[in-house]
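Each chain is listed here by its residues.
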Amino acid sequence: MQFVDKALARRFEACEEMPQVLYARAFQKMRPEIGAAEEEICGGHMIFAGVGSPIGRATALGLDRAFTPDDLDHVEQFYRSHHAPAQVDLCPLHDPAVFEMCKQRGYSIAELNNVLYRPLDSKENFPDPPAGCTIRRGRPEEAQELGAIVERAFFPEGAPEAFRDLLSPLYQMDGALTFAAEIDGKTTACGAGLMISAHRIFAVCGAGTAAEFRGRGLQTALLQARLAAAAQAGCEYAVVVTQGGTTSQRNAERLGFRVAYSKVTVIKELEKG
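Residues numbered from 1 in each chain as written. Predicted model: local features only at pLDDT ≥ 70, side-chain atom pairs only at ≥ 80, totals over all residues. Heavy atoms only, no water.

A.B. asks: In this structure, what is going on with the packing of aromatic side chains? I would like to understand it.
C.D. replies: For any two aromatic rings, the description comes down to two numbers: the centre-to-centre distance and the angle of the planes. Following the criterion strictly, the structure yields 6 aromatic pairs and no others. Centroid distance Tyr 23 to Phe 27: 5.7 Å. Interplanar angle 65 degrees. Geometry classified as edge-to-face. Highlighted residues: Tyr 23 and Phe 27, both in helix H1 (residues 6-30), separated by 4 residues, approximately one helical turn. Under the relative-accessibility criterion, Phe 27 is labelled buried at 1%. Counting every residue linked through ring pairs, the aromatic cluster contains Phe 12, Tyr 117 and Tyr 237. (Phe/Tyr/Trp six-rings, centres within 6.5 Å; stacked < 30°, edge-to-face > 60°. Helix = DSSP H or I, 4+ residues; strand = E, 2+ residues; numbered from the N terminus. Buried < 20%, exposed > 50% of the residue type's maximum accessible area, 1.4 Å probe, protein only.)

A.B. asks: Which parts of the structure should I look at to understand the pattern of salt bridges?
C.D. replies: Should their charged atoms come close, side chains of opposite charge can pair. This model, assessed by the stated rule, comprises 20 salt bridges. We note a salt bridge from Glu 16 to Arg 57, for which the minimum N-O separation is 3.0 Å. A residue pair is termed long-range when its members are at least 10 positions apart, and Glu 16 in helix H1 and Arg 57 in the loop between strand S2 (44-48) and strand S3 (58-59) qualify at 41 residues. Three or more residues are tied together by salt bridges with common partners; here these are Glu 13, Glu 16, Arg 57, Asp 89 and Lys 263. (Salt bridge = Lys/Arg side-chain N within 4 Å of Asp/Glu carboxyl O.)

A.B. asks: Teacher, can you tell me more about helix H3 (residues 96-104) here?
C.D. replies: One turn of the α-helix equals 3.6 residues, which is why residues spaced by three or four share an orientation. For H3, every residue scored as buried is listed here: Val 98, Met 101 and Cys 102. The arc that holds every buried residue of H3, seen down its axis, measures 95 degrees, which confines them to one face. Facing away from the buried side of H3 by more than 90 degrees, the exposed set consists of Pro 96, Ala 97, Lys 103 and Gln 104. Residues of H3 that are buried in the fold lie against helix H2 (69-81), strand S4 (86-90) and strand S11 (258-268). Positive backbone phi, at 90 degrees, marks Gly 106, one or two positions downstream of H3. (Arc of directions from axis to C-beta. Contact = heavy atoms within 4.5 Å.)

A.B. asks: I would appreciate a short explanation of the environment of Ala 49 in the present structure.
C.D. replies: Along the polypeptide, Ala 49 turns up in the loop between S2 and S3. Residues Ala 49 and Ala 162, spaced 113 residues apart in sequence, show a C-alpha to C-alpha distance of 9.9 Å.

A.B. asks: How should the state of the cysteines be read in this particular structure?
C.D. replies: What is meant by a disulfide is a covalent connection between two cysteines, made through their sulfur atoms. The tally for this structure, following the rule as stated, stands at 0 disulfides. Cys 102 takes part in no disulfide bond, and the closest cysteine sulfur to it belongs to Cys 42, at a distance of 11 Å. (Disulfide = S-S within 2.5 Å.)

A.B. asks: What is the right way to read unusual backbone geometry from this model?
C.D. replies: Despite not being glycine, Ala 60 shows a phi value in the positive range, around 70 degrees. By the element assignment, Ala 60 lies in the loop between S3 and H2. Taking the relative accessible area as the measure of exposure, Ala 60 reaches 1% and is therefore buried. For Asp 165, which is not glycine, the phi torsion reads 50 degrees and is therefore positive. Tracing the backbone shows Asp 165 in the loop between helix H4 (143-154) and strand S7 (176-183).

A.B. asks: What is the right way to read the side chain of Gln 87 from this model?
C.D. replies: Structurally, the position occupied by Gln 87 is in strand S4. What makes Gln 87 buried here is its relative accessible area of 18%. In this structure, Gln 87 is in contact with Gly 56, Arg 57, Ala 58, Tyr 79, Ala 110, Thr 265, Val 266 and Ile 267, ignoring residues within four places of it in sequence.

A.B. asks: Can you help me understand the environment of Ala 176 in this one?
C.D. replies: As for its placement among the helices and strands, Ala 176 is situated in strand S7. With 27 residues separating them in the primary sequence, Ala 176 and Ala 203 have C-alpha atoms 9.4 Å apart. Apart from the residues lying within four places of it in its own chain, the contact partners of Ala 176 are Leu 170, Gly 193 and Leu 194.

A.B. asks: Help me understand the environment of Ile 201, please; the structure alone is not making it clear to me.
C.D. replies: Among the structural elements, Ile 201 can be located in strand S9 (residues 201-209). It is 9.6 Å that separates the C-alpha atoms of Ile 201 and Tyr 117, two residues lying 84 residues apart in sequence. Excluding anything up to four places from it in sequence, Ile 201 contacts Arg 11, Phe 12, Cys 15, Leu 194, Met 195, Ile 196, Cys 235, Tyr 237 and Val 239.

A.B. asks: What exactly am I supposed to notice about the pairing of strand S8 (residues 186-196) here?
C.D. replies: In regular strands, side chains alternate between the two faces of the sheet. With 9 of 11 residues buried, S8 is to be regarded as a mostly interior element. Where S7 and S8 come together, 8 bridges link them in antiparallel fashion. Residue pairing for S8: Thr 178 is matched across the bridge by Ala 192. Hairpin geometry of S7 and S8 is characterised by an intervening segment of 2 residues between the two adjacent antiparallel strands and by a positive phi of about 55 degrees at Asp 184. Direction of pairing for S8 relative to S9: antiparallel, over a ladder of 7 bridges. Residue pairing for S9: Ile 196 is matched across the bridge by Ile 201. Counting the residues in the hairpin turn of S8 and S9 gives 4 residues, including Arg 200, whose phi is positive at 55 degrees. (Pairing = 2+ DSSP bridges.)

In structure tokens:
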């Protein structure tokens with residue numbers, strides 16, 4: 001089993017850092033009214049993609065250098081300037097002093113997630129998709145259609161405004177790998193991800209299956225297709241971030257993913273007045 005040190009954790013954290021950075025850049029062009037922004041700091045990035053958006057945290061800070069009070073001051077000023085609470089991702093590889101600093105500043109836990117990883121090998125062979133299923137590459141012009149499958153999978157009654165059409169920009173990003181599953185000519189499921197060449201990491205994300213086609217192994221086949229493509233492109237690890245005990249985590253573990261560590265997102269709400 002691979003020992004996860006600070007250097008490897010820094011690479012793994014890129015799986016959430018760089019997609020957010022690219023989303024902020026895409027929103028600057030596609031949705032300028034949001035006021036999206038991203039800025040390098042302390043070895044990582046802080047990202048803003050709209051108030052209430054699921055995208056927009058300070059990520060990958062302080063893993064290859066010291067994370068100082070001045071850095072946290074800068075993070076807080078950045079989010080304050082966008083009228084948003086400051087949010088910072090922290091993992092067990094951060095120095096204890098960083099957690100104490102956030103505690104003293106009044107941060108609380110907003111999320112707890114697991115970071116799972118799997119080595120990739122371009123020579124690895126995967127089984128064929130389930131009988132009657134075709135796995136193919138997703139096309140940019142399908143972004144909204146495939147994104148709607150993911151939305152319905154997570155929000156059967158309709159996605160909140162901040163989550164609507166959230167997958168479409170991914171289909172335009174350099175390094176995106178998108179796949180769709182078809183049964184009898186009908187698109188039934190999809191899966192996406194982003195290759196981060198600077199760290200040789202493939203970030204797994206954007207998967208969903210239409211309700212009536214679940215339980216047929218489509219997500220396993222889609223994940224295998226993405227792993228094979230990422231390995232062929234030179235990625236060394238695939239990384240996925242999940243909440244513990246979810247179907248996504250169980251699917252990933254069945255394909256050889258292992259938990260590297262759990263991470264928290266800490267938040268400091270805006271001061272009133």
